[in-house]
Amino acid sequence: MRTLIRPAVLRTRRGRTVYWAVLALVLLLFTVAFVIPLYWMGTGAVKSAPEVAQNPPTYVPREWQLGNFAEAWQELDLTRYFLNTLLLVGGAWLFQLAVQIPAAYALSKLRPRYGNLVLGLMLVTLMMPVTALLVPVYLTVVDVPLLGLNLIDTPAAVWLPAGANAFNIYILKNFFDRVPDELLDAARMDGAGPVTTMVRVVLPLSRPIIAVVSILSIVTAWKDFIWPLVVLPDPAKQPISVFLQRVAPDIPLNILIAGLVLASAPLIALFLVFQRQILSGLTAGSLKG
Amino acid sequence: MTVTTGTSVTSRPAAAPGGPYRPAEQLRARRRRRLGEHATAYGFLCAALAVFALFSWYPIVRNVLLAFQDVNFATGNSWVGLENFRRLADDPLVGTAWKNSALFTLYALLLGYAVPFAAAVVVNEFRHARAYFRILVYLPVMLPPVVVALMWNWFYDPGPGLINELLRTVHLPTSSWVDSADTSLVSLVIVATWANMGTTTLIYLAALQTIPGELYEAAELDGANLWQRIRHVTIPQTRFVLLILLLLQVVATMQVFTEPFVMTGGGPEDSTVTVMLLIYRYAFVYNDFGTASALSLLLLLVLALFSAAYLRLTRTRET
């Protein structure tokens, strides 16, 4: 495709030289900016305590202490904090799917009266992010209206508010809109009710968008900090990021860095496996069509 | 013998067998069926309506009420009028927090706006290594913000830190980064930009790919040089995305919390106390939820201005 630079220019000798020079320069800049910090973290995790604190620092670890990871896992009791994180993230993910898929299906295919108003009210909340509503949502979680429950220090305090995600409903609805109504009519002729139609016809066709929404939910829940910090004051219940932030000043630097590497490894692995879905979900959703 | 053809003789629905044709009854039945369909649809929606009501809509309304209340878990809330706002006006930190948040947003726009756009424009010209760039720039977005913050605290360390060491290697002046009130806020902006620029860069890249190549050809025929083509084709063609991301970034960066909370705790000399950090302190350190709500309300009003502009913009684009 034609871009800023004319393809013919790139075929000249001068054009080619400039192209490769700029490419090399940008490659270098990007690598310094994005690979070196990650490299630094990875190698810092395997340095010895005196080496990681030494000035000037070493670029290649003098001695590779791979045992730091095992030591961090043991000393920081990471089994517990990873299980906590998995419980919070997995629950938030499943709860979101259970709430958002039927909602998007109803708005897209069952089209109830005032459906557009409901969607509009949901979309408005996109601009009132949870962070800015920290205090009233916290007070709601402390004493859930009508139910009179106190959810502090329970996983539900993280799961339930995660369900109110208008962005997911919006991209699910947009995808469902493109499933032809004839398919649904055919299912109805065969005697399928709305639940069967959703589960048997719409969901199998929507696997790609469900994957995108799932990954978005998982990544968002894993990255969240301020909310679990506030609603899970019991240290034994906290996810790994809240825990690491709390203990950071009190543990040896190389053990902390090993902990940081371990805390980011699952998301990095998820990204490398699902990068196509993640990157396409990013551009599909953010531009609104 | 009867011959059935595709076209029916009459357009009215066939009467029930054995009974007379009664339109009113049929109409009522249809209306009942339609009502049943609405009920089914709301059955599918009820869980979503419940969580939105509890955790979005009600808190938005409640925030306004709480701003004028004294919150007391033991004896219940009481109305205090403008008392919370008066307390905010008396706290010198409030002005500092607004100034810091505004400056953070401004720096984040200058840096987080120009750098990803330039990166996207350049990378879009490459025929090689594009997947590499795309993965690289997005990797930090995948890191938990707490990890990023703790990691950069170590990078900024004036002693064994990576950043000063890199600067020394290329003979540039070093800095005390988060340890000095003069540079702490900018240091946090650098971290936030590093961590989040992947998202904006990739959105710009996607937008650049929708620009029709003929526009560049036409501009070239008119004798436009490289800069003029960027100025008169690239920028106008991506204007909508540029504007949307401007508003989204303002809304996001005005609420910055994790970086100052984890990296500096608001210091040194209150140079990184942001509005969100102060809201957190009022609520969870001083246990003064009323005043925290009053400050939240002010923040929400500011964000609402930008949000309204955003909604208006996307609405006009869709119709």
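Predicted model, so just to flag it, every value in this text is computed and none were measured.

1. Structural notes on the domain arrangement of chain A
- Partitioning chain A into domains gives domain 1 (7-69) and domain 2 (77-250).
- One C-alpha centre belongs to domain 1 of chain A, the other to domain 2 of chain A; they are set 38 Å apart.

2. Details of the nonpolar core
- The biggest cluster of nonpolar side chains holds 194 residues, and the ones touching the most others in it are Val 231 of chain A together with Trp 152 of chain B.
- Excluding its chain neighbours within four sequence positions, the residues that come into contact with Val 231 of chain A are Tyr 138, Val 141, Ile 152, Asp 153, Ala 157 and Val 158 of chain A.

3. Points about the interface of chain B and chain A
- With 104 residues of chain B at the interface, the matching set in chain A holds 106 residues.
- Overall, the association of chain B and chain A removes approximately 9400 Å² of surface from exposure, summing both partners, and the carbon and sulfur fraction of that is 79%.
- Considering only the side of chain B, the residues that lose the most area to chain A are Phe 44, Phe 55 and Trp 154 of chain B, jointly responsible for 9% of the buried surface there.
- Connecting chain B to chain A are 17 residue pairs in polar contact (both at pLDDT 80 or more).
- Counting residues per element, the side of chain B that touches chain A draws most heavily on helix H1 (residues 23-66) of chain B, at 22 residues.
- Taken together, the residues that form the side of chain B that touches chain A break down as 74 nonpolar, 19 polar and eleven charged.

4. Structural notes on the layout of surface pockets
- The volume enclosed by the largest pocket comes to roughly 900 Å³.
- Around the largest pocket sit 27 residues that line it, and Leu 29, Val 32 and Ala 33 of chain A together with Trp 152 and Trp 194 of chain B are the ones nearest its centre.
- Of all the secondary structure elements, the ones that give two or more residues to the lining of the largest pocket are helix H2 (13-44) of chain A together with helix H3 (92-125), helix H5 (145-156), helix H6 (162-169) and helix H7 (184-208) of chain B.
- Sort the elements by how many residues they give to the lining of the largest pocket and H2 of chain A lands first, with eight residues.
- Reported here for the second largest pocket is a volume of approximately 470 Å³.
- As for the second largest pocket, its lining consists of 20 residues, and the residues nearest its centre are Ile 5, Val 18 and Val 22 of chain A together with Glu 125 and Leu 226 of chain B.
- If you tally residues by element for the lining of the second largest pocket, the top one is H2 of chain A, at five residues.
- Considered class by class, the residues forming the lining of the second largest pocket number twelve nonpolar, two polar and six charged.

5. Let's talk about unusual backbone geometry
All names here are of chain B.
- A cis amide bond links Gly 267 to the next residue, Pro 268, at an omega of -15°.
- Positionally, Pro 268 belongs in the loop between helix H11 (258-264) and helix H12 (275-285).
- In this model, Trp 177 sits at a positive phi of 50°, which is unusual for a non-glycine residue.
- The backbone of Asp 270 sits at a positive phi, close to 60°, despite the residue not being glycine.
- Structurally, Asp 270 can be placed in the loop between H11 and H12.
- The exposure class of Asp 270 is partly exposed, given its relative accessible area of 34%.

6. Points about the packing of aromatic side chains
Residue and element names in this part refer to chain A.
- In the structure shown here, the tally under the stated rule is 32 aromatic pairs over all chains.
- Ring centres of Tyr 19 and Trp 20 lie 5.3 Å apart, and the angle between their planes is 80°; this geometry places the pair in the edge-to-face category.
- Look at Trp 20 and you get partly exposed, because its relative accessible area is 43%.
- On the numbers, 3.7 Å between centres and 10° between planes, the contact of Tyr 81 with Phe 243 is stacked. With Tyr 81 in helix H5 (residues 78-110) and Phe 243 in helix H14 (residues 240-247), this residue pair connects regions lying 162 residues apart in the sequence. Taken individually, Tyr 81 and Phe 243 each receive the classification buried, so the pair is uniform in this respect.
- The positively charged end of Lys 47 is found above the aromatic ring belonging to Trp 40, 4.7 Å away from the centroid.

Rules and cut-offs
- Residues numbered from 1 in each chain as written.
- Chains lettered and ligands numbered in written order.
- Predicted model: local features only at pLDDT ≥ 70, side-chain atom pairs only at ≥ 80, totals over all residues.
- Heavy atoms only, no water.
- Domains from an automatic or database assignment.
- Core = buried A, V, L, I, M, F, W, Y, C linked by side-chain atoms within 4.5 Å.
- Buried < 20%, exposed > 50% of the residue type's maximum accessible area, 1.4 Å probe, protein only.
- Contact = heavy atoms within 4.5 Å.
- Buried area = accessible area lost by both parts, 1.4 Å probe.
- Polar contact = N/O pair within 3.5 Å; in protein donor to acceptor, adjacent residues only side chain to side chain.
- Helix = DSSP H or I, 4+ residues; strand = E, 2+ residues; numbered from the N terminus.
- Nonpolar A, V, L, I, M, F, W, Y, C, P; charged D, E, K, R; others polar.
- 1 Å grid on protein atoms, 1.4 Å probe; cavity = no way out; pocket = protein on both sides within 12 Å on 5 of 7 lines; lining within 4 Å.
- Points joined across faces, edges and corners; volume = space filled by probe spheres on them.
- Phe/Tyr/Trp six-rings, centres within 6.5 Å; stacked < 30°, edge-to-face > 60°.
- Lys NZ or Arg CZ within 6 Å of the ring centre and 35° of its normal.

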